[in-house]
Amino acid sequence: MMMKMMGEIKQRWVVIFLLVAACKLQWAHGEPQVPCFFIFGDSLADPGNNNMLPTGAKTNYPPYGVDYPQGATGRFSNGKYAVDVLAEKLSFDHHIPPYATASGPILLQGVNYASGSAGIRDETGSHLGENIPMNKQLQHHQLTISRMAGIIGDNKTTQTRLNQCLYYVGMGSNDYLNNYFLPERYPTSKSFTPQAYAQALVAQYSEQIMTLYKNGARKFILPGLGNIGCVPQAIRLYSTNATVCVVDMNKAINFFNNELVALVDRFNKNLTDGKFVYVNSTGMIIQDPIAAGFRYFYQGCCEVTENGQCVPQSKPCATRSEYIFWDNFHPTESMNVITATRTYIAEARSDCYPIDVRSLALLDLATAKAI
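Since the structure is predicted, the reported quantities are computational estimates derived from the model, not experimental observations. (Residues numbered from 1 in each chain as written. Predicted model: local features only at pLDDT ≥ 70, side-chain atom pairs only at ≥ 80, totals over all residues. Heavy atoms only, no water.)

Undergrad: In this structure, what is going on with unusual backbone geometry? I would like to understand it.
TA: Outside of glycine, negative phi angles account for most residues, and trans bonds account for most peptide bonds. With omega at 10°, the peptide bond leading from Pro 62 into Pro 63 counts as cis. Along the chain, Pro 63 falls in the loop between strand S1 (37-41) and helix H2 (82-89). At Ser 91, a position not held by glycine, the phi torsion is positive, near 75°. Topologically, Ser 91 is positioned in the loop between H2 and helix H3 (134-152). One non-glycine residue, Ser 117, lies in the positive phi region at around 75°. In this fold, Ser 117 is placed in the loop between H2 and H3. (Helix = DSSP H or I, 4+ residues; strand = E, 2+ residues; numbered from the N terminus.)

Undergrad: What is the right way to read helix H5 (residues 173-180) from this model?
TA: An α-helical turn contains 3.6 residues, so a residue and the one three or four places further along point in the same direction. In terms of burial, H5 is a largely internal element, 8 of the 8 residues being buried. The set of residues buried in H5 consists of Ser 173, Asn 174, Asp 175, Tyr 176, Leu 177, Asn 178, Asn 179 and Tyr 180. Check the buried side of H5 and you find it contacts helix H6 (188-191), helix H7 (194-214) and helix H9 (247-270). (Buried < 20%, exposed > 50% of the residue type's maximum accessible area, 1.4 Å probe, protein only. Contact = heavy atoms within 4.5 Å.)

Undergrad: When you look at the state of the cysteines in this model, what are you seeing that I'm missing?
TA: Disulfide: a covalent bond connecting the sulfur atoms of a pair of cysteines. Per the counting criterion, the structure on display carries 4 disulfides. Two residues share a disulfide in this structure: Cys 36 and Cys 165, whose sulfurs sit 1.7 Å from each other. Of this pair, Cys 36 sits in the loop between helix H1 (2-23) and S1 while Cys 165 sits in the loop between helix H4 (155-164) and strand S2 (166-170), and the two are 129 residues apart along the sequence. With a relative accessible area of 0%, Cys 36 lands in the buried category. Note on Cys 165: relative accessible area 0%, which makes it buried. (Disulfide = S-S within 2.5 Å.)

Undergrad: Can you help me understand the pairing of S1 in this one?
TA: Regular strands place their side chains on alternate faces of the sheet. The buried fraction of S1 is high, at 5 of 5 residues. Side-chain alternation along S1 places Phe 37, Ile 39 and Gly 41 on one buried face and Phe 38 and Phe 40 on a second face that is also buried. Here 5 bridges tie S1 to S2, and the two strands are oriented parallel to one another. Across the sheet, Ile 39 pairs through a bridge with Tyr 168, a residue of S2. (Pairing = 2+ DSSP bridges.)

Written as C-alpha cells, this is what we have:
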C-alpha cells in the first residue's frame, strides 16, 4: 500500500512539474502577452504539418530552412514565417509547434494547424495531393481542446483560457491559386464570377470562424489576401510582361478582401464579447523597397521546379535579404519580418483594422465595445 501511495504521489509531482515547465516557457524579458496562440492557415504558416502527407506541397528538404535554426522543418521559406515573428513579439520563447507533432503541456500555449495548399474549400489544392483544409483544421482544434481540458482538469478553466488566447486565421490564397485560377482542374471559375466567388468563399469562411467562436475563441487576427497576381509564378504563367502583375488575379483578391472587411465589421458589431482584427496584407506595400534593402521584386531566391517550389538540394542565392520572394510563391524571412512587425504594431493606420495585434493581445474584452 505504501509503495502504491508513493507511486501516485510521484506521478502527481511529475504532472505538476510538467505544468510548471509549460508555464515557464517565456522570453527572459517577460511572460507571453496571451496564454496561448493558435494558428490556422496554408503554406504561409505551415511549420511541417504536411511533412508526412502524400503531397507535392511539402518542403522538408534543403534549401528550405537554410536560415531557420532547426533547418528544413517543412516551412515554405528560407527562415521564419510572419507567425513565427509574431510569436516572438508576443513574448513566447518558442515558435508555435505543428499539430502533427505537438503533445503534452506545450499544447496549453497553442498549436499551429496550417497546411500547405489547403483552403477554405475542401477540394482546394487536391490536385497536388493530400492537405488539411480549414474544416479539418477545425476538427484538429476540437481534439486539442479536449487534450487541454485533460491536462488542466477542468472544462470551465479551459474555456476561460481559450477566451484569452489569440487566433490567427489566414486562409483563401489557395482557393484562388490552386482552385479558381486552375480551370483545367476545378470548375469554380465556370460556376462563379470573381465577385460571386468571393461572396461564396467568405460566407463559408464566416461559418468556419463562427465554429472557433463557439468553441471559446474571442480574439481573432484575420489577414486579408496578398496580391497573388504579383507572385513570380503568376507572372511567369499569366503575364505578358516579366515585371507586370496579373491584373485579373489581383482584382479577384480585392473582392475577397472587401468581403472580409465587411465580415469583420459585422462580427465586431454583433459579437461584442470578442474582437476581430483585419490585417491589410495588400496595403503593406513597401513604399521604397530599395531603401528597405530589397533589390529583387519579381523573382525567387532559389531555382524552382515546374510547380514553383525550390529544386531539392539546390543552392539558393547568397543575398537572401535582398529578395522579397524565396521561391515562386512564398516570401523570404526578411519580408515576413516586415509584415509581422507592421501587424504587431501598425506603421500606418491602414495596416490593421480596427486595432493592431499588440492592442488586441492586451485588450481587456470587457472594454472591447469602446474600441
